[in-house]
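# Commentary on secondary and tertiary structure
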Amino acid sequence: MSISEFTDNIARDHAQVVPISVFVAILCLCLVIGHLLEENRWLNESTTAIVVGCITGTIILFLSKGKSSHILRFNEELFFIYLLPPIIFNAGFQVKKKQFFQNFLTIMLFGVIGVFISSSIITAGSWWLFARFGFTGLSARDYLAIGTIFSSTDTVCTLQVLHQDETPLLYSLVFGEGVVNDATSVVLFNAVQKLDKGKLNGRAALRVLLDFLYLFSTSTALGVIAGLLTAYILKTLYIGRHSTVREITLMVLMAYLSYMLAELLHLSGILTVFFCGILMSHYAWHNVTQGSRITTRHIFATMSFTAETFIFLYVGMDALDIEKWRLSKLSFRTSMGIYSTVVLLILLGRAAFVFPLTAFSNYVHRRADRLASVSFKHQVIIWWAGLMRGAVSIALAFKQFTYSGVSLDPVDAAMVTTTTIVVLFTTLTMKRNKLLGFVLSTTLQNIVFGFLTKPLICFLQPYNTNNSASHGESRSPKEELNLPLLSLEESAETNILRAKESLSMLIERPVYTIHYYWRKFDDTYMRPVFGGPCRDQSSAC
């Protein structure tokens, strides 16, 4: 038997095993290359995976004689069911809760209100400008979906450069906004899908808002319930005394179950699993053995890292999908006009909410104990960090414009290729000394934001061991706000006086006051039931 016959038999007998094996081998190659380039000034894990994907796609395209650039066919269900949950859960599980909740108002302003502003600008701008380039055929719901697709950010590149210990405020804002932004984009996308194409008016817009609020609140509540239930089971049964494997497995399965239940109930799984991760980290993690605490953090981080690498690797290969390029049937001028329009709208949409909402946040925190407000340099970094588009944008585009990963309409194919190009454009850039010179079939060579992230942050936020002191987050003096919760053992007059003082502080320092009283409630009522050490030694945990 000849070598060619042997390989043909393997390919025929193992039609699925061979491509999966090759893809896993390329994933391993990405890990090795990422390690070798760890100290590189211009590259990070996501850009490395995309570049390797592009090179792999080129090789496959050459070997298949121009027929395909894929090893595996992407399915949006694969992304939403298997790849996205570990990424979002790990984000919630690893989040620094103190900084996250101290800056909760600012994060929610960026991650929720900002998505609505950015989505509105991108939707209106694409509706008006696409037709000027001769690109038509999209429905009103498609334009609304485009707004949500390109409002989803990818802050991985920036977070790999920022130092959490040096700039806790900045890191917390970028990280928190990135996760909440993705969740809000998916929830808003799902709300848009429920719209009736023939009845788009003011009432429809109100329904989108109500659907969004419903999905956001119920999804969050489900995640909180799942996290608290897991913590209560682990604290009550103390499973770790017999098997640490069981308690780790229970945490993994409960997290995944919360996501699947949300999807089954037509809620937002991404929001559910995020808050489930926060609650598990806050309570359940303290109820497992010391060995399980270390193991869970490594397991969740590994699953998240593998899923992210998988997605970016596929994005690089999908950029060379000849079938979509041929089906789109767009001229070079029209293609460049659409790409430029989308990138410009992303820039404008991002700036339209970062700077105004930051000013509002600084005003609200004016009397809080935050040592420094969000400076203009920090605002530029936050604005830049949110310009990159990534995995969620790709998945939403495939969900809107493909059927099982295949585009059947030229307009849909054009939007998928546009999303791919924008993700590449905003994740990579070409160095002036021709560090990277690959050419896509549209001769697009200007690939932008990711390579410039490290130099920009190093310029605006230079390394300084004293940075944490100069750009500190909210610090809470022990001697202030030492008002207990209302007590039934004291007179009504005393309680009324305390209530007045609390209300006065709530008006003057709303964020810090709410955070302070939540900590007292958490120590007094939540931690004794669900687990975790008390921050206030006077409380009986």
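Before any of the text, the structure's been laid out above.
Everything in this summary refers to the structure shown in the same document. (Residues numbered from 1 in each chain as written. Predicted model: local features only at pLDDT ≥ 70, side-chain atom pairs only at ≥ 80, totals over all residues. Heavy atoms only, no water.)

## Considerations on the packing of aromatic side chains
Per the stated rule, a full pass over the model turns up 16 aromatic pairs. With 4.6 Å between their ring centres and 45° between their planes, phenylalanine 23 and phenylalanine 310 make a pair best called tilted. Here phenylalanine 23, found in helix α2 (residues 17–36), pairs with phenylalanine 310, found in helix α13 (residues 290–318); they are 287 residues apart in sequence, far enough to count as distant. Phenylalanine 310 matches phenylalanine 23 in its accessibility class, with the two residues each being buried. Plain terms: the ring middles of phenylalanine 130 and tyrosine 143 are 6.3 Å apart, the flat faces sit at 50° to each other, and that makes the pair tilted. Of this pair, phenylalanine 130 sits in the loop between α6 (104–129) and α7 (140–149) while tyrosine 143 sits in helix α7, and the two are 13 residues apart along the sequence. (Phe/Tyr/Trp six-rings, centres within 6.5 Å; stacked < 30°, edge-to-face > 60°. Helix = DSSP H or I, 4+ residues; strand = E, 2+ residues; numbered from the N terminus. Buried < 20%, exposed > 50% of the residue type's maximum accessible area, 1.4 Å probe, protein only.)

## Some remarks on the nonpolar core
Proteins that are soluble and globular tend to have nonpolar side chains buried together. Phe130, Leu138, Ile146, Phe150 and Met280 are the most contacted members of the largest nonpolar core, which totals 129 residues. For this core, the leading source of residues is helix α9 (residues 168–193), giving 15 residues. For methionine 280, the residues in contact, after removing those within four places along its chain, are Phe89, Phe93, Gly227, Thr230, Met251, Met254, Ala255 and Trp285. (Core = buried A, V, L, I, M, F, W, Y, C linked by side-chain atoms within 4.5 Å. Contact = heavy atoms within 4.5 Å.)

## With respect to a nonpolar patch on the surface
On the surface, Ile55, Ile59, Phe62 and Leu63 cluster together to form a nonpolar patch covering roughly 470 Å² of accessible area. By the secondary structure assignment, leucine 63 is in helix α3 (residues 45–63). (Patch = residues over 30% accessible without salt bridge, like charges linked within 9 Å, V, L, I, M, F, W, Y side chains within 5 Å. Areas by Shrake-Rupley, 256 points an atom, 1.4 Å probe, with all protein chains shown as cover. Salt bridge = Lys/Arg side-chain N within 4 Å of Asp/Glu carboxyl O.)

## Description of unusual backbone geometry
Its identity as a non-glycine residue notwithstanding, tyrosine 238 has a phi of 45°, on the positive side. Following the sequence through the fold, tyrosine 238 ends up in the loop between α10 (202–237) and α11 (244–264). Phi is positive for histidine 266, which is not a glycine, with a value near 60°. Relative to the helices and strands, histidine 266 resides in the loop between α11 and α12 (269–282).

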